[in-house]
Amino acid sequence: MIFQYKEKQKKSLFTAFEYTFVAVFWLAVWFLAAQATGEELLLPSPLTVAERMGQLVTTSEFWRITSESLLRIIYGILLGVALGVVMGFITVAIPFLYKLFRPLLTVIRATPVASFIILAIIWIGRDSLPTFISALMVVPIVWGNMYEGINTVDAQLLEVARVYDFSPVKKIKRLYLPHIVPYFSAALKTSIGLAWKAGIAAEILTHTPISIGKMLSDAKTYLETTDLFAWTLTVIILSLLLELAFIQGVPRGYSFIKRRIARRERTVSV
C-alpha cells in the first residue's frame, strides 16, 4: 500500500514537472519571438501581457465582463447538454427519428460557426446569440455520443437482465450508466472547448455589450495589442477551468447517482 502511494506520488510529481517544462518552453519561445520582433504593437512580450493582466484583474469591470460571458456560455452548454441527452434517448427509442434528424447533425457539424452566427443575427437578439451558438455546438456532439453509447450496450447483458427480471432502476445502474458515462465524458471534453470558442466568436461578431468578445473587438479596432493578448489569455484560462469543472463533475455526479440508487435499492429490499 505504501509502495503504491509512493509510486503514485512520483508519477504526480513527474507529470507536474512535464507540464511546467512545457509551459516554460513556450513562454521562452514567446519571449524570444517578442525580442526578435522588437515591436510591442506586433507582438508584446509575456511580461508586458502579464503586467496588463495584473492590472485588469484588480478592476471590478474585468470580473463583471468575464462573469457575464461565462454565464452566457455556461447556460448555452447546459442547454445543449440537456437537449443532446434528451434527443439521444428519444432517437434510440424511435429509430426513424434518428434517420430523420441525422442530416441536420451533418449540416451543423459541417457549417462554419461564422455562417451560423451571421444567419442567427437575423432571428435572435445579440445578447442571446452567444448562448444559442454555444448550445448549437454542444447538441450534435452530446446527441451523437449518447445515441452511440445507448445503442452499443452489450445485447447479451440486456438479455441476462431480461431473464433475471432486472428492475428499470437496476438495469440503469448496472448496464446503462457504466456504459454511457465514458461516451458522455468524451462528448463534454470535445464540445465544451468548441462551445466556449464559438460563444466568444459570437460576442465578437455581434459586439455584445459587457462581454469578453467586445473587449477583444475593441482591442483589435484600437490596435491595443497588449490588451488583445491579455483578453485572449483570459479566454484560454477560463476555457481550461470550465472544461476541468465539467469533466471533473461527471465522475462525481455519477458516483452520487450510484449511491442514491444503491440507497433506494436497500430501502426497497427492506
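Only a predicted model underlies this, so the values are computations on that prediction, with no experimental measurement involved.

(A) Seen up close, the overall build of the protein chain. Check the secondary structure of the protein chain and you find ten helices and zero strands. Scanning the protein chain from its N terminus toward the C terminus, one meets helices and strands in the order α-α-α-α-α-α-α-α-α-α. Burial statistics for the protein chain: of 270 residues in total, 34% are counted as buried. Relative to all contacts within the protein chain whose residues are 6 or more apart in sequence, the contacts with residues 24 or more apart total 74%. For the protein chain, the exposed surface amounts to about 16,900 Å²; the carbon and sulfur share of it is 68%.

(B) Examining the pattern of salt bridges more closely. In total, this model carries four salt bridges according to the counting rule given. Across the salt bridge formed by R72 and E203, the nearest N and O atoms sit 3.2 Å from each other. Here E203 lies in helix α8 (residues 168–206) and R72 lies in helix α3 (residues 60–93), a separation of 131 residues in the sequence. The residues R72 and E203 share a single accessibility class, namely buried. For the salt bridge of K214 with D218, the shortest nitrogen-to-oxygen distance reads 3.0 Å. On the criterion of helical spacing, the pair formed by K214 and D218 is a turn pair, its members being four residues apart in helix α9 (residues 212–221). Judged by its relative accessible area of 25%, K214 falls in the partly exposed class.

(C) Summary view of the packing of α3 against helix α6 (residues 129–151). For the pair α3 and α6, interaxial distance at closest approach is 6 Å and the crossing angle is 30°. Note on packing geometry: the crossing formed by α3 with α6 is right-handed. When grouped by side-chain class, the residues that make up the contact of α3 with α6 number 19 nonpolar, eight polar and one charged.

(D) Spatial organisation of a nonpolar patch on the surface. Residues F17, F21, V22, F25, W26 and V29 make up a contiguous nonpolar surface patch of roughly 650 Å² in combined accessible area. Relative to the helices and strands, F21 is located in helix α1 (residues 2–37).

(E) Fine view of the packing of aromatic side chains. Within this structure, the stated rule accounts for six aromatic pairs. Here the aromatic rings of F62 and W63 are separated by 5.1 Å at their centres, their planes lie at 90°, and the arrangement is edge-to-face. Judged by its relative accessible area of 5%, F62 is buried. Judged by centre distance (3.8 Å) and plane angle (5°), the rings of Y98 and Y147 are stacked. Taken together, the residues Y98 in helix α4 (residues 95–110) and Y147 in helix α6 connect sequence positions 49 residues apart. For the residue pair Y98 and Y147, the accessibility class agrees, reading buried in each case.

(F) Quick look at the packing of helix α5 (residues 113–123) against α6. Their axes nearest at 11 Å, the elements α5 and α6 cross at an angle of 135°. Classified by the angle between their axes, α5 and α6 sit oblique to one another. Once α5 is placed against α6, the crossing between them reads as right-handed. Contacts between α5 and α6 involve V113, F116, I117, A120 and I121 on the former and, on the latter, L129, F132, I133, L136 and M137. Taken together, the residues of the contact of α5 with α6 sort by class into ten nonpolar, no polar and no charged.

(G) Inspection of the environment of L136 at higher detail. Along the chain, the position of L136 falls in helix α6. Each C-alpha atom of the pair L136 and I77 lies 8.7 Å from the other, and the pair is 59 residues apart in sequence.

(H) Main features of the nonpolar core. If you look at the biggest cluster of nonpolar residues, it comprises 42 residues, and the most contacted ones within it are I77, W196 and I212. Secondary-structure elements contributing two or more residues to this core are α1, α2 (46–57), α3, α5, α6, α8, α9 and α10 (225–269).

(I) Looking closely at unusual backbone geometry. Located in the positive-phi region is H207, a residue other than glycine, with phi close to 55°. Its location among the elements puts H207 in the loop between α8 and α9. Despite not being glycine, L223 shows a phi value in the positive range, around 55°. Mapped onto the fold, L223 is located in the loop between α9 and α10.

(J) Seen up close, the side chain of S217. Within the element layout of this structure, S217 appears in helix α9. Once residues within four sequence positions are removed from consideration, S217 is found in contact with I204 and H207.

So, how was this worked out
Counting from 1, residues in each chain are numbered in the order their sequence is written. At least 70 in pLDDT is required for a residue's local features to be given in this predicted model, at least 80 for side-chain atom pairs to be given and counted, and no such filter applies to totals for whole chains, interfaces and linings, which use all residues. Note that water and hydrogens are dropped before the side-chain values are worked out from all heavy atoms of the structure. Strands here mean DSSP runs of E at least two residues long; helices mean DSSP runs of H or I at least four residues long; both are numbered from the N terminus. Residue exposure (1.4 Å probe, protein chains only): buried if accessible area is under 20% of the type maximum, exposed if over 50%, otherwise partly exposed. The contact criterion used is simple: two residues touch if any of their non-hydrogen atoms lie within 4.5 Å. Note on areas: these come from Shrake-Rupley sampling with a 1.4 Å probe, and a residue is covered only by the protein chains present in the view. We count a salt bridge whenever a side-chain nitrogen from Lys or Arg sits within 4 Å of a carboxyl oxygen from Asp or Glu. Each axis is a line fitted through C-alpha atoms, and for a helix only the stretch in contact is used; angles between axes span 0 to 180 degrees, taken between their N-to-C directions. For any pair of crossing helices, the crossing counts as left-handed if the nearer helix is rotated counterclockwise from the farther one by less than a right angle, and right-handed if it is rotated clockwise. Any residue that is not Ala, Val, Leu, Ile, Met, Phe, Trp, Tyr, Cys, Pro, Asp, Glu, Lys or Arg is counted as polar, Gly included; the first ten are nonpolar and the last four charged. Excluding any residue in a salt bridge, patches collect residues exceeding 30% relative accessible area, merging like charges within 9 Å and nonpolar Val, Leu, Ile, Met, Phe, Trp and Tyr side chains within 5 Å. Stacked, edge-to-face and tilted are the three classes for Phe, Tyr and Trp ring pairs, Trp counted by its six-membered ring, which pair at centre distances within 6.5 Å; planes under 30 degrees apart are stacked, over 60 edge-to-face, the rest tilted. Relative orientations are named as follows: roughly parallel for angles under 35 degrees, roughly antiparallel for angles over 145 degrees, roughly perpendicular for angles from 65 to 115 degrees, and oblique for any other angle. Here, the term nonpolar core denotes a set of buried Ala, Val, Leu, Ile, Met, Phe, Trp, Tyr and Cys residues that are joined through side-chain atoms within 4.5 Å.

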